[in-house]
Amino acid sequence: MRTSRFFIATLKEVPAEAEIASHRLMLRAGLIRRLSAGIYTWLPLGVRVLHKVEAVVRQEMNRAGAIELSMPVVQPGELWQESGRWQAYGPELQRFKDRHERDFVLQPTSEEAVTDLARSELKSYRTLPQHFYQIQTKFRDERRPRFGILRGREFVMKDGYSFHADLADLEREYRNMYDTYTRIFTRLGLKFRAVAADPGAIGGTGSHEFHVLAESGEDAIAWCPQSNYAANVELAEAVSTDSRKAPTVNLKKVPTPGKTKCEEVAALLKIPLEKTVKAVAVMHDGEFYLLLLRGDHDLNELKTQKLIGAFRFATDGEIETALKCKAGYIGPVGAKNVKVIADRAVAAMGDFVCGANEEGFHLTGVNFGRDLPEPSQVADLRNVVAGDPSPDGKGRLEIVRGIEVGHIFQLRTKYSSAMKAGFLDAAGTHKPFEMGCYGIGVTRVVAAAIEQNNDARGIVFPAPIAPFAACLVPIGYQKSAAVREAADRLHDALEQAGIDVLMDDRDERPGVLFADMDLIGIPHRVVLSERGLAAGNAEYKGRREDKPREMPLDSIGSFLKERLHA
RNA sequence: CGGGGUGUAGCGCAGCCUGGUAGCGCGCUUGCUUUGGGAGCAAGAUGUCGCGUGUUCAAAUCACGCCACCCCGACCA
């Protein structure tokens with residue numbers, strides 16, 4: 001391919017809308033353009049990258065025994081009412097009516113459509129197992145689309161759905177997909193990690209997320225280098241190995257005017273933050289709860305919800321009614337008629353500091369049993385932090401950030417039951433399908449890969465997803481017949497050898513050509529110049545390398561081939 | 001959805017406070033020069049100043065309303 005016949009749309013200046021590296025670079029390199037909030041056009045260069053990712057995904061899915069199909073983006077609302085997701089989904093689900101006033105949705109995933117297909121086509125255990133997948137456009141009306149392609153409203157996803165006669169077979173396919181995903185992300189050249197996850201709104205039991213590791217990731221992952229345990233922070237169990245020590249000091253009320261945060265109180269009293277306890281006030285079912293956490297710990301809302309059910313934070317008014325004290329100075333001591341749940345770490349504390357339930361005062365030297373009753377309940381309420389013991393007991397946790405690019409679930413019979421989708425088993429009894437579902441954010445993979453692979457000059461594409469494998473930069477193509485002839489010949493030879501090469505034959509100064517090819521992130525670069533050609537040489541440089549190296553022109557082809565297959 | 005911010009040429013921005021001729025850099029077009037890391041000179045083209053209403057002799061500029069977009073939070077997979 002020649003740039004003169006392609007479409008290069010690089011930008012020298014950075015569009016103001018882009019905050020993170022991948023978004024900035026995708027705009028600047030001319031991979032995408034924004035059409036509306038969270039909705040992007042994929043330019044020719046971007047489409048090539050997208051197709052490369054799709055090709056790897058397709059190959060590995062096929063190899064794993066899944067079969068590709070394609071389901072409609074527009075789906076009847078009826079099906080969604082049947083599964084219950086019409087009600088369960090919030091405004092994220094894009095609904096609309098057709099001219100006959102019938103309800104439709106834009107698919108955010110396709111459980112309903114595929115389950116509908118299965119119930120009419122898969123009627124016997126003999127037709128099982130079956131795994132259908134598609135690579136399709138999805139739409140979710142995100143409350144806040146951001147980070148360009150990373151959290152857009154329209155995106156491309158590989159979504160696969162498997163149907164099984166029993167749980168054992170579902171679990172077999174689940175492991176198969178775990179391995180397949182591991183192969184896919186490895187082949188894509190990404191640094192990633194599979195982590196235990198919360199099944200969330202899709203429902204079901206077992207679930208793993210695949211995260212590309214990147215500073216800008218929206219998710220926090222707890223992992224243990226010693227054991228390779230990994231879980232989303234939402235889910236990772238916080239274990240406390242401390243045990244409570246006997247009280248050594250007396251209870252004392254100290255003035256802390258204006259100090260409402262644990263950090264401020266700790267600073268004022270010159271004590272470590274770990275000696276303070278914060279009380280988080282929440283409401284559930286009209287009942288007032290005080291959740292006790294160590295000052296340096298954060299509430300895990302997911303764990304809390306699992307423990308007490310759907311809850312919300314109490315308003316200042318509710319706090320004053322329940323405790324007769326302004327928010328900021330509340331605590332468990334003397335709290336009447338409220339449920340107190342202590343985090344495990346708090347339950348192990350002695351001589352701690354907490355709010356006195358009196359404006360402007362805190363208590364020091366607080367001890368359970370002596371100064372207040374033991375908490376009515378002790379539970380895991382907090383997010384794990386770096387240094388916590390790993391829940392498997394084999395080391396200490398680190399916290400890394402990741403971008404979720406894949407998620408596998410065991411749905412079990414959530415959809416098949418709701419939609420009466422089942423089969424006859426060998427004994428002739430009707431059973432609902434055991435279902436699995438497996439997603440990969442294809443467009444998100446592109447952004448995540450760039451997030452993980454870039455430098456000051458631009459994108460550094462992993463070879464498997466680079467829009468072109470190599471670029472050819474002839475210096476003075478439009479001026480020098482010698483350069484032109486040599487470049488044309490090399491370009492054609494490389495293409496014939498099956499190498500995806502982009503020759504930059506634009507009439508631009510060398511600096512422009514170099515800068516663009518670097519920005520676009522093509523992994524291998526060959527430069528031809530009059531000077532080099534006179535000595536029979538070409539010049540090679542890898543995108544990650546600093547210095548180019550000279551080599552004989554006629555060895556470039558075989559050299560590149562070797563590099564590409566390395 | 002709550003809070004904050006921004007809408008002026010394809011992109012990045014100034015002008016607005018203090019109302020009166022629409023500006024700069026990049027990009028684009030043409031010509032000449034230049035040609036190994038985003039060239040130089042010269043000449044040009046490009047604007048419903050987000051939309052609407054109002055105030056005024058006069059609105060990019062002031063007021064009100066709306067819309068779009070961005071950021072933080074909440075929410076969500």
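Our subject is the structure listed above.
Residues numbered from 1 in each chain as written. Chains lettered and ligands numbered in written order. Predicted model: local features only at pLDDT ≥ 70, side-chain atom pairs only at ≥ 80, totals over all residues. Heavy atoms only, no water.

## Some thoughts on the layout of surface pockets
- Considered as a void within the structure, the second largest pocket measures approximately 460 Å³ in volume.
- Residue lining of the second largest pocket: 23 residues in total, with T260, K261, K278, A279 and G328 positioned closest to the centre.
- The set of elements that each furnish at least two residues to the lining of the second largest pocket consists of α7 (262–269), β14 (277–284) and β18 (352–355). (1 Å grid on protein atoms, 1.4 Å probe; cavity = no way out; pocket = protein on both sides within 12 Å on 5 of 7 lines; lining within 4 Å. Points joined across faces, edges and corners; volume = space filled by probe spheres on them. Helix = DSSP H or I, 4+ residues; strand = E, 2+ residues; numbered from the N terminus.)

## Quick notes on the sheet that holds strand β6 (residues 103–106)
- Judged by pairing direction, the sheet is antiparallel, and its 3 strands sit side by side in the order β4-β6-β5 without closing on themselves. Two strands close off the open sheet at either side, each with one partner strand: β4 (74–76) and β5 (95–97). Direction aside, neighbouring strands of the sheet carry axes that sit 40° apart on average.
- Note that β4 and β6 share 3 bridges and pair antiparallel. (Pairing = 2+ DSSP bridges. Axes fitted to C-alpha atoms, helices over the stretch in contact; angles between N-to-C directions.)

## Here we look at the nonpolar core
- M26, L31, Y181, F185 and L188 are the most contacted members of the largest nonpolar core, which totals 65 residues.
- Each of domain 1 (3–236 + 399–450) and domain 3 (468–565) accounts for three or more of the residues forming this core.
- Apart from the residues within four sequence positions on either side, L188 is in contact with V53, V56, V445, P462, P464 and I465.
- In terms of nonpolar packing, the next biggest core, distinct from the first, is built from 27 residues, V277, F288, L290 and I319 among them. (Core = buried A, V, L, I, M, F, W, Y, C linked by side-chain atoms within 4.5 Å. Buried < 20%, exposed > 50% of the residue type's maximum accessible area, 1.4 Å probe, protein only. Domains from an automatic or database assignment. Contact = heavy atoms within 4.5 Å.)

## Examining the sheet that holds β14
- Strand order in the open sheet formed by 5 strands is β16-β14-β15-β17-β20, with mixed pairing between adjacent strands. Among the strands making up the open sheet, the edge pair consists of β16 (312–313) and β20 (377–379).
- With 3 bridges joining them, strand β17 (residues 339–343) and β20 adopt parallel strand pairing. The residue bridging I341 from the neighbouring strand is Q377, located in β20.
- Here helix α9 (residues 316–323) sits on the sheet in contact with β14, β15 (287–294) and β16, set at roughly 95° to β15.

## A look at helix α14 (residues 510–520)
- Where α14 is concerned, the buried positions are L513, D516, M517, D518, L519 and I520.
- Those residues of α14 that are buried are in contact with α1 (21–28), α2 (44–63), β26 (458–459), β27 (470–474), β28 (501–503) and β29 (524–528).
- Looking one or two residues past α14, G521 carries a phi angle of roughly 85°, positive in sign.

## Here we look at the packing of α2 against helix α12 (residues 442–452)
- Orientation of α2 relative to α12, taken along the N-to-C sense of each, is 110°, at an axis distance of 9 Å. With respect to α12, the element α2 is oriented roughly perpendicular. In this structure, α2 meets α12 at a crossing whose hand is right-handed. Along its contact with α2, which presents V49, L50, V53 and E54, the element α12 presents V442, T443, V445 and V446.
- In terms of residue class, the contact of α2 with α12 is built from 6 nonpolar, 1 polar and 1 charged. (Parallel < 35°, antiparallel > 145°, perpendicular 65-115°, else oblique. Left-handed = near helix turned anticlockwise from the far one by under 90°. Nonpolar A, V, L, I, M, F, W, Y, C, P; charged D, E, K, R; others polar.)

## Considering the pairing of strand β10 (residues 207–213)
- Among the 7 residues that make up β10, 5 are buried, leaving the element largely enclosed by the rest of the structure.
- As paired strands, strand β9 (residues 192–196) and β10 are joined by 5 bridges and run antiparallel to one another. Within the sheet, the bridge partner assigned to A194 lies in β10 and is F210.

## Some words on helix α8 (residues 301–308)
- Among all positions of α8, only L302, K303, T304 and I308 are buried.
- Those residues of α8 hidden inside the fold are in contact with β14, β15 and β17.
- The backbone nitrogen of L302 lies 2.9 Å from a side-chain oxygen of the residue at the head of α8, namely N300.
- Looking one or two residues past α8, G309 carries a phi angle of roughly 100°, positive in sign. (Polar contact = N/O pair within 3.5 Å; in protein donor to acceptor, adjacent residues only side chain to side chain.)

## Section: empty space enclosed by the protein
- Taken as a whole and assessed by the stated rule, the structure comprises 1 cavity of 30 Å³ or more.
- If you add up the space inside the largest cavity, you get close to 40 Å³.
- Every residue lining the largest cavity is listed: C471, M517, D518, I522, P523, H524, R525, K541, G542 and R543.
- Mapped by element, the contributors of at least two residues to the lining of the largest cavity are α14, β29 and β30 (537–542).

## Points about the pairing of β17
- Burial within β17 is extensive, with 4 of its 5 residues counted as buried.
- Both β15 and β17 contribute to a ladder of 4 bridges, which runs parallel. The partner of L292 across the bridge, within β17, is A342.

## Notes on the side chain of Q75
- Relative to the assigned elements, Q75 resides in strand β4.
- Here the side chain of Q75 touches S110 through a polar contact of 3.0 Å, side chain to side chain.
- Apart from residues no more than four positions distant in its own chain, Q75 is found in contact with W80, F104, V105, Q107, T109, S110 and A113.

## Focus: the pattern of salt bridges
- Considering all chains together, one arrives at 39 salt bridges under this definition.
- Its salt-bridge partner being E237, residue R344 comes within 3.0 Å of it at the nearest N-O pair. Note that R344 is positioned in helix α10 (residues 344–347) and E237 in the loop between β12 (230–232) and β13 (252–255), a separation of 107 residues in sequence.
- For R344, a relative accessible area of 29% gives the class partly exposed.
- K253 is the salt-bridge partner of E358, the closest N and O atoms lying 2.6 Å from each other. Here E358 is found in the loop between β18 and β19 (361–366), whereas its partner K253 is found in strand β13, with 105 residues between them in sequence.
- E358 gets classed as partly exposed once you look at its relative accessible area, which sits at 32%.
- A residue is classified by how much of its surface remains accessible, and K253, at 44% relative accessible area, is partly exposed.
- Here the salt bridges share partners, and the residues they tie into one network are E60, R63, R183 and R187. (Salt bridge = Lys/Arg side-chain N within 4 Å of Asp/Glu carboxyl O.)

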